[in-house]
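If you want the building blocks of each chain, they are given just below.
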Amino acid sequence: MNLLLRPFTVYFDPTNQELVLSGKMRPESAAEIGDALELVQQSLEKYGGVVYLNVKRLTHINMTAFSALSDVLAATCRARPERKIVIITSSVVAWSTSLFQTLAASQPNLSVEVYDSAFYPGQSFVEDETFIPILRTQTKMTWRHERELLPRHGLRNGLAIADICCGIGDFAALVQREFKPARLVALDHSVRSLEYARRVATDFDLQGIEYTYGDASQMLLRDNQFDFVTCRHSLQIFNRPEMLLRELYRICKPGGRVYITNEKNSHCLGEPHADTIKWTYEEVAKLFSHFDMDVEMGPKSRHLLADAGFDNIKVDCFMVTNLDGDPQDFADVIEAWENVYAGEMAVRRGDSIDFIRRFRQGFKDHVFAALHPKGYAGWPIWAASGRKPL
Amino acid sequence: MEGVVEKEASRFDDHAFAPMVSLEMNTAMFKSRWQFCDRITEYLSDILGQGHNDPARYSNFLSVAANELIELAFRSTGELGRIRFSLYRSAAFNRLRIAFPNEEAFGRKQTSARSGEYLPVPDTESGYLVMKSDGTVLLSDLATIFRAAIRIEKDGGQGIQIIADFPSAEDFR
């Protein structure tokens, strides 16, 4: 059951016994949210054991709504002292945990847990600080192409820009320097990445970038604020890309554009050893799929943007190769991929030693191709953008 | 006029508050739509967020408290007169002041809520009831959560002002 009472949503997921509240709840009276309260009450009455109240993406609430919700929860706690209610808050929404703890303090069978783990399935794999130099190298290699492509997708000087899932902020720093935006917000859910980004901005005397800790699927940024919204290499590692695109659409101004980049990993290529390289990258796509990520998303960008409501969609594809600058940069990136994909993800999936050995070989051959004096190694990327209709 | 307001504001503590923005409207207009509370809250909290290390998050953080005070004003003010929302900034605090007419005015001493202090809960007759009497949510809880000092005072003969000071160095810990 899904009650869409704008601007918030309430639904109950019976599989996880989870009530999910999201958006902004600022009614004038409790009666205005009567349907939502009834759903909460009915769900709590119907299901036993532990029921989760997920408020991770509840960005605003007034005391009218909070008090009414508290009344329903307190009544249930009193009526069924054996039942447990766990409220899941988010570390992004800074007031949330403290506020809900005031309720938990008065009800022994009600507790609050702060959700602070990865928002994306793959986030934990790349948040290791050892990965930062590789991320920087990747951006250096892709920027050569994107610098030329971005104006075609509508980026020009003086715009209000948001870089969502900004990671270590290197792309935002380049945009700040090259396109002199009127405003630039860079959002990510990795505290460590943001700390790094702020440090780099300070070191390079880059002023004016607003770094913000946030959940890309329920941002604290307001509607219709930005002329140009970027989200690079992130939709593909998010298990619900349509949800993220909805948010990108929301914060984009009518007439503004959303720019996304994604890969199609199975199309990574190299010569010599084309076959082993091809096999390994096809396995990469399957491996990511196992963790609910779609690193084959690149060519689907047009479809995704169209489904999200964008028009005037533009799609480009470019190939990052070992001929772009120093071939060692390309080789370093592949080695880092091998470490994460074969060394961590395949192990976590439970792959056999034989499989992992074969899996690694493709990466090693890709490195060989990249560094070979007559070799060629490529990594294809799709850059797409769509306009939010006026 | 701003200078007068600021001078009044400075009486409450030792901080020197500089005015940032002031928004004034007819109370009848304000009360014509509940959604004005939300719109004004978001406008003001966006401004409050400026200059913070994480503007979007700080703005959201303050918006919950600011909204509550703006809704309190919505429920408390009459149809006549004008309501003014003002923001000030000192080295250590951001201040929101809401001044509005109230024909009943306060029939009692000034009300304040600072982290850890007792808050007299306004009674229903005065029209200030926004908190539940069973203690689930009090203004003092809000003050604690937002590490804010909140005061509700008389403003002249028939006016009321709500003043909230929020630490500007909020690090969300």
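Residues numbered from 1 in each chain as written. Chains lettered and ligands numbered in written order. Predicted model: local features only at pLDDT ≥ 70, side-chain atom pairs only at ≥ 80, totals over all residues.

Bringing the overall build of chain B into the picture now. In terms of helices and strands, chain B carries five helices and six strands. For chain B, the N- to C-terminal ordering of α and β elements is α-β-α-α-α-β-β-β-α-β-β. Within chain B, contacts between residues separated by at least 24 positions form 66% of all contacts whose residues are at least 6 apart in sequence. (Helix = DSSP H or I, 4+ residues; strand = E, 2+ residues; numbered from the N terminus. Contact = placed C-beta atoms within 7 Å.)

What follows is about the UniProt feature "domain: Methyltransferase type" (unreviewed entry) in chain A. UniProt marks residues 163-260 of chain A with the feature "domain: Methyltransferase type" (unreviewed entry), using the numbering shown here. Across residues 163-260 of chain A one finds 35% helix and 30% strand; the C-alpha atoms that close the span lie 10 Å apart. (UniProt positions renumbered as here; feature names shortened; annotations may be inferred.)

With 22 residues of chain B at the interface, the matching set in chain A holds 26 residues. Of all the elements in the fold, those that place two or more residues in the side of chain B that touches chain A are helix 3 (35-49), helix 4 (55-76) and helix 5 (139-145) of chain B. If you tally residues by element for the side of chain B that touches chain A, the top one is helix 4 of chain B, at 10 residues. Considering only residue class, the side of chain B that touches chain A consists of 10 nonpolar, four polar and eight charged. (Nonpolar A, V, L, I, M, F, W, Y, C, P; charged D, E, K, R; others polar.)

All names here are of chain B. Look at helix 3: 21 Å from first C-alpha to last across 15 residues, which is about the 21 Å you get at 1.5 Å a residue. If you follow the buried residues of helix 3, they end up packed against strand 1 (18-26), helix 4, strand 2 (82-89) and strand 3 (93-101). The first or second residue beyond helix 3 is G51, which carries a positive phi of 95 degrees. (Expected span 1.5 Å × (residues − 1).)

This brings us to the packing of helix 3 of chain B against helix 4 of chain B. Residue and element names in this part refer to chain B. Closest axis-to-axis distance for the helix 3/helix 4 pair is 8 Å, and the angle between their directions is 140 degrees. Taken as axis vectors, helix 3 and helix 4 run oblique relative to one another. Seen along the crossing, helix 3 lies across helix 4 with a hand that is right-handed. Together, C37, D38, I40, T41, E42, L44, S45, D46, L48 and G49 of helix 3 and P55, A56, Y58, S59, L62, S63, A66, N67, I70, E71 and F74 of helix 4 make up the contact between the two elements. (Axes fitted to C-alpha atoms, helices over the stretch in contact; angles between N-to-C directions. Parallel < 35°, antiparallel > 145°, perpendicular 65-115°, else oblique. Left-handed = near helix turned anticlockwise from the far one by under 90°.)

Okay, the domain arrangement of chain A next. Residues and elements named next belong to chain A. What the domain assignment reports for chain A is domain 1 (2-115) and domain 2 (123-387). Centre-to-centre, using C-alpha coordinates, domain 1 lies 36 Å away from domain 2. Contact with domain 1, which involves five residues of that partner, is made by six residues of domain 2. Counted by class, the side of domain 1 that touches domain 2 contains one nonpolar, three polar and one charged residues. (Domains from an automatic or database assignment.)

Residue pairs spaced three or four apart in an α-helix point in one direction, given the helix's 3.6 residues per turn. Residue and element names in this part refer to chain A. Taking 1.5 Å per residue, 23 residues should reach 33 Å; helix 11 (residues 327-349) reaches 31 Å between its end C-alpha atoms and fits that length. For helix 11, every residue scored as buried is listed here: F330, V333, I334, A336, W337, Y341, A342 and A346. Check the buried side of helix 11 and you find it contacts helix 5 (132-149), helix 9 (274-290), helix 12 (353-371) and strand 14 (376-387). Following helix 11 by one or two positions, G350 adopts a phi angle in the positive range, close to 90 degrees. (Buried ≥ 20, exposed ≤ 12 C-beta atoms within 10 Å, placed from the backbone.)

Residues and elements named next belong to chain B. Summarising the model, chain B shows a mean pLDDT of 76, and 70% of its residues fall at 70 or more. Ranking the elements of chain B by mean pLDDT puts helix 1 (residues 2-10) last, at 40, and strand 2 first, at 96. Ignoring residues within four places in sequence, the model shows residues 114-137, a span with pLDDT below 50, making 45 contacts including any to other chains. Interface scoring of the predicted complex returns ipTM 0.82; its pTM is 0.83. (pLDDT = per-residue confidence, 0-100.)

All names here are of chain B. Burial of strand 2 is extensive: six of the eight residues sit out of reach of the surface. Relative to strand 2, strand 1 runs antiparallel, the two sharing eight bridges. Following the sheet pairing, E24 is matched in strand 2 by R84. Note that strand 2 and strand 3 share six bridges and pair antiparallel. Bridge pairing in strand 3 places Y88 opposite R95. Taking the residues that link successive antiparallel strands as the turn, the strand 2-strand 3 hairpin has three residues. (Pairing = 2+ DSSP bridges.)

All names here are of chain A. In this chain, E271 is followed by P272 through a cis amide linkage whose omega measures 5 degrees. Position of P272 among the secondary structure elements: in the loop between strand 12 (269-271) and helix 9. A positive phi angle is found at K180, which is not glycine, with a value near 40 degrees. If you check the backbone angles, D292 has positive phi at about 65 degrees while not being a glycine. Relative to the elements of secondary structure, D292 occurs in the loop between helix 9 and helix 10 (301-307).

Right, let's get into the nonpolar core. In terms of nonpolar packing, the biggest core is built from 152 residues, with A:V229, A:L248, B:L69 and B:I98 touching the most fellow members. Of the residues forming this core, the biggest block, 12 residues, is contributed by helix 4 of chain B. Each of domain 1 (2-115) and domain 2 (123-387) of chain A accounts for three or more of the residues forming this core. Every residue in contact with A:V229, bar those within four places of it in the chain, is listed here: A:A162, A:I164, A:L248, A:I251, A:C252, A:G256 and A:V258. (Core = buried A, V, L, I, M, F, W, Y, C linked by C-beta atoms within 7 Å.)

We now examine the pairing of strand 8 (residues 183-188) of chain A. All names here are of chain A. In terms of burial, strand 8 is largely enclosed, as five of its six residues are buried. Both strand 7 (residues 160-164) and strand 8 contribute to a ladder of five bridges, which runs parallel. Across the sheet, the residue bridging to D163 is A186, located in strand 8. Of the crossover connections in this fold, the one passing from strand 7 over helix 6 (residues 170-179) to the parallel strand 8 is right-handed. Sheet analysis places strand 8 next to strand 9 (residues 209-213), joined by five bridges and oriented parallel. Considered in strand 9, the bridge of D188 is made with Y213. (Right-handed = clockwise from strand over helix to strand, strands pointing away.)

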